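Coordinate inspection notes
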Amino acid sequence: MAGKAEFTFDPKAFLATVGPGHTVSDLRKNEMVFRQSAAADAVFYIQRGKIKIVVASEQGKEAVVGVMGPGEFFGEGCLIGQPLRLASAKAMTESQIIRVSKAEMVRVLHAEPTFAELFMTHLLTRNSRVEEDLVDQLFNSSEKRLARTLLLLANVGQDGGPQPITTPISQETLAEIIGTTRSRVSVFMNKFRKLGFIDYNGHLEVHSSLVSVLLRE
């Protein structure tokens, strides 16, 4: 499981360093941040809420390839010359994000070494997460992939975790993330609940004991 960044990001300090090329936006649930194939011209930071990253095929089939929460950046592909968005970003719940233009982000990275170091740590952590996701998809069963997704969403094994998953996440969305059907997710969720690995108390609570699913041969 990917470790947490060593530095603590202070949005107020960050906003004090950026110029006019930034905006703070409040999003409604299901509101689109950007669409696949739109111009990649900014980086985003999540102050609160959750954002899902969705890829659509030419046939219209969609897959959720990531769920981002407070303290995470997304849309950074524009910094390496990505002209168009490779995926769409959509609010899963009421959220607040900071949008920083590509030009302003480049300026801040050059002018603020501490922030540049934090951002690099973020990118390395994200890359590690992507590698773990790829291994997960290639070698683990759908039951293990679901367990790992729930553990990540609840921050189990990270500072401040485990935390209740208060954002409603449908079984359809979980199925899209792990690459299986909603019916199989339902079976696994019921199994996890009966074994005491998760609870439903107005929200989903994930217990550290769910890690045992990942340790099975």
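1. What to know about the nonpolar core
Core analysis: the largest hydrophobic core is formed by 27 residues, its most contacted members being Leu146, Leu150, Leu174, Met189, Phe192, Val206 and Leu210. Elements supplying a minimum of two residues to this core: β5 (62-68), α4 (142-153), α5 (171-178), α6 (182-194) and β10 (204-206). In terms of residue count, the dominant contributor to this core is α4 (5 residues). Grouped together as the second largest cluster of nonpolar side chains are 14 residues, Phe44, Ile46, Phe74 and Ala91 included.

2. Here's the deal with the environment of Leu215
Take Leu215: it is sitting in the segment after α7 (211-214). Residues Leu215 and Lys144, spaced 71 residues apart in sequence, show a C-alpha to C-alpha distance of 9.0 Å.

3. Looking at helix α2 (residues 102-111)
Three or four residues apart is the spacing at which side chains of an α-helix point the same way, because the helix has 3.6 residues per turn. Taken together, the buried positions of α2 are occupied by Glu104, Met105 and Val108. Down the axis of α2, the smallest arc covering the buried residues is 100°, so these residues share one side. Those residues of α2 that are exposed and aimed more than 90 degrees away from the buried face are Ala103 and His110.

4. Notes on the packing of α2 against helix α3 (residues 113-139)
At a minimum axis separation of 5 Å, α2 and α3 run at an interaxial angle of 110°. With respect to α3, the element α2 is oriented roughly perpendicular. Where α2 abuts α3, its residues Met105, Val108, Leu109 and Ala111 lie against Pro113, Phe115, Ala116 and Phe119. By residue class, the composition of the contact of α2 with α3 is 8 nonpolar, no polar and no charged.

5. A closer look at the pattern of salt bridges
As a working rule, side chains carrying opposite charge can pair if their charged atoms are close by. Here the structure, examined in full by the defined rule, presents 6 salt bridges. In this structure, the salt-bridge partner of Glu104 is Arg107, at a minimum N-O distance of 2.7 Å. Of the two residues, Glu104 and Arg107 are both situated in helix α2; the distance of 3 residues between them amounts to about one turn of the helix. A relative accessible area of 9% means that Glu104 is categorised as buried. Salt-bridge contacts for Glu143 lead to Lys191; the nearest nitrogen and oxygen are separated by 2.9 Å.

6. What to know about the environment of Val54
When you line up the elements, Val54 lands in strand β4 (residues 51-56). According to the relative accessible area criterion, Val54 is buried, its value standing at 9%. Ignoring anything within four residues of it in the chain, the contact list for Val54 reads Gln36, Glu62, Ala63, Val64, Ala87 and Ser88.

7. Some thoughts on the sheet that holds β5
Within the open sheet, the 4 strands sit side by side as β2-β7-β4-β5. Their pairing is antiparallel. The open sheet is flanked by β2 (32-34) and β5, the only strands paired with a single partner. Between one strand axis and the next, the sheet turns by 30° as a mean value, whatever way the strands run. As defined by bridge partners, β2 adjoins strand β7 (residues 88-91) across 2 bridges and the pair is classed as antiparallel.

About the cut-offs
- Position numbers for residues count from 1 along each chain, tracking the sequence in the order it is written.
- Since the coordinates come from a predicted model, pLDDT governs what is reported: local features require at least 70, and pairs of side-chain atoms require 80 or more to be given and counted, while whole-chain, interface and lining totals use all residues.
- Note: side-chain values were computed over all heavy atoms of the structure, leaving out hydrogens and water.
- Residues grouped as a nonpolar core are buried Ala, Val, Leu, Ile, Met, Phe, Trp, Tyr and Cys residues, joined through side-chain atoms within 4.5 Å.
- For the exposure calls, accessible area comes from a 1.4 Å probe over protein chains only, and a residue counts as buried if that area is under 20% of its type's maximum, exposed if over 50%, partly exposed in between.
- A helix here means a DSSP run of H or I that spans at least four residues, while a strand means a run of E at least two residues long, and both kinds are numbered starting from the N terminus.
- Arc, as used here, means the arc of the directions from the helix axis to the C-beta atoms.
- Each axis is a line fitted through C-alpha atoms, and for a helix only the stretch in contact is used; angles between axes span 0 to 180 degrees, taken between their N-to-C directions.
- Each angle receives one of four descriptions, namely roughly parallel if under 35 degrees, roughly antiparallel if over 145, roughly perpendicular if within 65 to 115, and oblique otherwise.
- In this description, contact between two residues means that some pair of their heavy atoms is separated by no more than 4.5 Å.
- Under the scheme applied here, ten amino acids are nonpolar (Ala, Val, Leu, Ile, Met, Phe, Trp, Tyr, Cys and Pro), four are charged (Asp, Glu, Lys and Arg), and all others, including Gly, are polar.
- Only one rule defines a salt bridge in this text: a Lys or Arg side-chain nitrogen within 4 Å of an Asp or Glu carboxyl oxygen.
- The pairing criterion is simple: DSSP has to find at least two bridges between the two strands.

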